[in-house]
Amino acid sequence: MIKADVLLGLQWGDEGKGKIVDVLTPKYDIIARFQGGPNAGHTLEFNGIKHVLHTIPSGIFHPTALNVVGNGVVIDPVIFKKEIDALTAMGVDVKKKLVISKRAHLILPTHRLIDAASEAAKGKDKIGSTLKGIGPTYMDKTGRNGLRVGDVEGVNFKDKYKALVEKHKQILEFHNYSYNLADLEPAFFEAIEELKKLTFIDSEHFINDAIKKGQKILAEGAQGSLLDIDFGSYPFVTSSNTICAGACNGLGIAPNRIGNVIGIFKAYCTRVGSGPFPTELDNEVGEKMRQVGREFGATTGRPRRCGWLDIPALKYAIAINGVTELMMMKADILSDFDTLQVCTHYLHKGEKIDYLPYSIEPSDVTPVYEELKGWNVDLTKMTSKTSLPQELTDYINYIEKLVEVPISIVSIGPDRTQTIFMS
Ligand code: GDP
Ligand code: IMO
Ligand code: MG
């Protein structure tokens, strides 16, 4: 039986998932997002165009693939409308190529306000949220208060909305947070009307029927494994299961219907927002990585923190996701470095360990590095595996040996074409 493949990030997000989904889409009939929401920013580049998607799957630019927003996703109708408008202006027939689960939860303007109020209340301990209302929306989902896409078709939608907003007002009052909801509501209700023009589906039936028909499905993850609500560096995480199991929950795919699990990682590491980052380079080397790698958030524009590749973290992510195939991104950025460091172990309570312990705070783990020779060669115009410099091949082999999973793609630039297939 044909199985659905899952593609996800193995680090702290922004690994380059959007680029690779776009590259792989011609092999698939359906591209489906399963969690997260507009906190994601997935960048695609082709024919000199750069485009950032937030809620819409990264298969949207291909002529045939159908794109599904699954039940596990949270949708901000206002941002969604903006995304659709931008794509329509580029000539993409979004309405024909996009369907949405009725079970996906809606982000209300008050969810965004609560996100901001909660972060402000945390002060220096803030999560560094994208402030898109993700946490409060998932809280309402698990608290069984949320509004779903299917609700917008009901005659009592406005009443349900008002009831939830009343609850939210109490929270905002508790935080002593000042706001003007009247400024935000017209855009919300206008966007709800636009949302209604799209096709709503029961994604669990839709996906399972597609599997039965032999259609090829790629589930597109958002964020990264180290931001997972259960397995990430809690509380500095997002509010959904970003790991492979999230594709089961977020689309209604049974675990035994999952096929390849494609793990995307950068040749180094980045993190945006607060929280521990063992291999962070809070110095001029990290600054150079940020500048050369243009490491600024696709959603918020915030500078991303940068550091060397972290093997214990990568092994952890590979294990909890059951990764069958790796893809290494942004190899071209390391061309500017004469020597490269790779964290192979941590020192934890005086012992050398190669796994991720409960806490990865600096007080609990110290990274242990091995040094490798850099390649100092411009990779960005290379077209085949055979042209890659020996030092890069050594870097790839070294990682494969440590993590015991093959690297099938090496990415050497943001464009669709800057992709080296290793087999
Ligand atoms: P995503 O959230 O995982 O889809 O990743 P983002 O789009 O947030 O961030 C990845 C950034 O790196 C984007 O600006 C991409 O255009 C860019 N990118 C992806 N792959 C490569 C690569 O191999 N080399 C370079 N230089 N940039 C890349
Ligand atoms: P993509 O899909 C990188 C981070 C935020 C913050 C934490 C919680 O583009 O890889 P949230 O808004 O979810 O409450 O923020 O998670 N974060 C991301 N970091 N890439 C993302 O998505 C992210 N989505 C959330 O910076 O630290
Ligand atoms: Mg991103």
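In this text the structure is predicted, and so the values were computed from the model without any measurement.

> Go over the environment of Phe296 with me, naming the residues and quoting the values.
Its location among the elements puts Phe296 in the loop between α10 (284-292) and β13 (305-307). Between the alpha carbons of Phe296 and Pro357 there is a distance of 29 Å; along the sequence they are 61 residues apart. With residues near it in sequence (within four places) discarded, Phe296 still touches Arg290, Gln291, Gly301, Arg302, Pro303 and Arg304.

> Any details on the site of ligand 1? Residues and values, ideally.
Close contacts around ligand 1 come from 20 residues, with Gly16, Lys17, Thr43, Asp332 and Ser411 the closest. One of the backbone nitrogen or oxygen atoms of Gly16 is found 2.8 Å away from an oxygen atom of ligand 1. Interatomic distance of 2.5 Å between a side-chain N/O atom of Ser411 and an oxygen atom of ligand 1. The protein chains hide 93% of the 580 Å² of surface that ligand 1 would expose on its own. For the shell around ligand 1, the secondary structure elements donating two or more residues are α1 (17-24) and β3 (42-46). Of the residues contributing to the shell around ligand 1, the split by class is 5 nonpolar, 7 polar and 8 charged.

> Lay out the coordination of the magnesium ion (ligand 3) in plain terms, naming residues and giving numbers.
Protein-derived ligands of the magnesium ion (ligand 3) are Asp14 (OD) and Gly41 (O), with the metal-ligand distances lying across 2.1 to 2.2 Å. Note that Asp14 is positioned in the loop between β1 (4-9) and α1 and Gly41 in the loop between β2 (30-33) and β3, a separation of 27 residues in sequence. Accessibility expressed as a relative area gives 10% for Gly41, which makes it buried.

> Kindly report on helix α7 (residues 181-195), identifying the contributing residues and their values.
For α7, spanning 15 residues, the distance from its first C-alpha to its last is 21 Å, which sits close to the expected 21 Å at 1.5 Å a residue. Looking only at α7, the buried set comprises Leu181, Phe188, Phe189, Ala191, Ile192 and Leu195. Down the axis of α7, the smallest arc covering the buried residues is 160 degrees, so these residues share one side. Among the exposed residues of α7, those oriented more than 90 degrees off its buried face are Ala182, Asp183 and Pro186. Of the residues flanking the start of α7, the one acting as N-cap is Asn180, its side-chain oxygen 3.3 Å from the backbone nitrogen of Ala182.

> Go over the pairing of strand β19 (residues 407-411) with me, naming the residues and quoting the values.
The buried fraction of β19 amounts to 5 of the 5 residues, a majority that puts the element mostly inside the structure. Judged from the 3 bridges that link them, strand β15 (residues 325-329) and β19 form a sheet pairing that is parallel. When the sheet's bridge partners are listed, Met327 is paired in β19 with Ile409. Pairing of β19 with strand β20 (residues 419-421) involves 3 bridges; the strand directions are antiparallel. The residue bridging Ile409 from the neighbouring strand is Phe421, located in β20.

> Which residues make up the pattern of salt bridges, and what values do they have?
This structure, assessed with the given rule, holds 21 salt bridges. Among the salt bridges present, the one from Glu190 reaches Lys81, with a minimum N-O distance of 3.9 Å. Residue Glu190 is found in helix α7, and its partner Lys81 is found in helix α2 (residues 77-89); the two are separated by 109 residues along the sequence. Note on Glu190: relative accessible area 47%, which makes it partly exposed. With a relative accessible area of 21%, Lys81 lands in the partly exposed category. For Lys330, the salt bridge identified is with Glu295, shortest N-O distance 3.0 Å.

> Describe the sheet that holds β20, listing the residues and the values that go with them.
Pairing is mixed in the open sheet, where 10 strands are placed in the order β9-β7-β5-β2-β10-β1-β11-β15-β19-β20. In the strand order of this sheet, the two ends are held by β9 (199-201) and β20, each with one partner. Averaged over all pairs of adjacent strands, the angle between strand axes in this sheet comes to 25 degrees, irrespective of strand direction. Alignment of β2 against strand β5 (residues 66-69), held across 4 bridges, turns out to be parallel. Following the sheet pairing, Ile31 is matched in β5 by Asn67. Along the sheet, α1 contacts β1, β2, β10 (217-220), β11 (258-266), β15, β19 and β20; its crossing angle with β1, the most-contacted strand, is approximately 155 degrees. In this fold helix α12 (residues 390-403) packs onto β11, β15 and β19, with an angle of close to 140 degrees to the strand it touches most, β15.

Conventions used here
- Residues numbered from 1 in each chain as written.
- Chains lettered and ligands numbered in written order.
- Predicted model: local features only at pLDDT ≥ 70, side-chain atom pairs only at ≥ 80, totals over all residues.
- Heavy atoms only, no water.
- Helix = DSSP H or I, 4+ residues; strand = E, 2+ residues; numbered from the N terminus.
- Contact = heavy atoms within 4.5 Å.
- Near = heavy atom within 4 Å.
- Polar contact = N/O pair within 3.5 Å; in protein donor to acceptor, adjacent residues only side chain to side chain.
- Areas by Shrake-Rupley, 256 points an atom, 1.4 Å probe, with all protein chains shown as cover.
- Nonpolar A, V, L, I, M, F, W, Y, C, P; charged D, E, K, R; others polar.
- Donors = N, O, S within 2.8 Å, 3.2 Å for Na, K, Ca; no water.
- Buried < 20%, exposed > 50% of the residue type's maximum accessible area, 1.4 Å probe, protein only.
- Expected span 1.5 Å × (residues − 1).
- Arc of directions from axis to C-beta.
- Pairing = 2+ DSSP bridges.
- Salt bridge = Lys/Arg side-chain N within 4 Å of Asp/Glu carboxyl O.
- Axes fitted to C-alpha atoms, helices over the stretch in contact; angles between N-to-C directions.

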